Amino acid sequence: MFSKSDFWIGLAVGAVAGVFGYRFMQEREQQMLAIQQGAPAAQVPLAELQRQKEELEDLIAAQEAGANQ
């Protein structure tokens, strides 16, 4: 059915995914704290604003494509 190597590969992939997920959640938590404390927009890094802008543009394009079908 499953070999031991499948188990170890799955365990390694799961551990890596967990680490990245944990780091992502920590970054998001810090961002939420900064927003809740009323941090001015000038303190938000430009790269983060660009990422959010691109994400919003992708969501808008997906909804427009869905509405046109």
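Predicted model only: the values in this text are computed from it and were never measured.

Tell me what's going on with the overall build of the protein, and back it up with residues and numbers.
The helix and strand tally for the protein stands at 2 helices and 0 strands. Per-residue burial over the protein gives 1% buried out of 69 residues. Looking at the protein as shown, the accessible area adds up to about 6,400 Å², and 64% of this sits on carbon and sulfur atoms.

Residues and numbers for the packing of aromatic side chains, please.
All chains considered together, the criterion is met by 1 aromatic pair. For the pair Phe-7 and Trp-8, a centre-to-centre distance of 5.0 Å together with 75° between the ring planes defines the contact as edge-to-face.

Criteria and thresholds
- In this convention, every chain numbers its residues from 1, walking through the sequence in written order.
- Given that this is a predicted model, residues contribute local features only at a pLDDT of at least 70 and side-chain atom pairs are listed and counted only at 80 or more, while totals for whole chains, interfaces and linings are drawn from all residues.
- Values shown for side chains rest on all heavy atoms present in the structure; no hydrogens or waters enter the calculation.
- Secondary structure is summarised from DSSP: a helix means a run of H or I of at least four residues, a strand means a run of E of at least two, and numbering begins at the N terminus for each.
- For each residue, the accessible area found with a 1.4 Å probe, counting protein chains only, is set against the maximum for its type, and the residue is called buried under 20%, exposed over 50%, and partly exposed in between.
- Only the protein chains shown count as covering a residue, and every accessible area follows the Shrake-Rupley method with a 1.4 Å probe.
- When the centres of two rings from Phe, Tyr and Trp lie within 6.5 Å, Trp using its six-membered ring, the rings pair. Their planes under 30 degrees apart give stacked, over 60 give edge-to-face, and anything left gives tilted.

Purely geometric numbers; function is a separate question.
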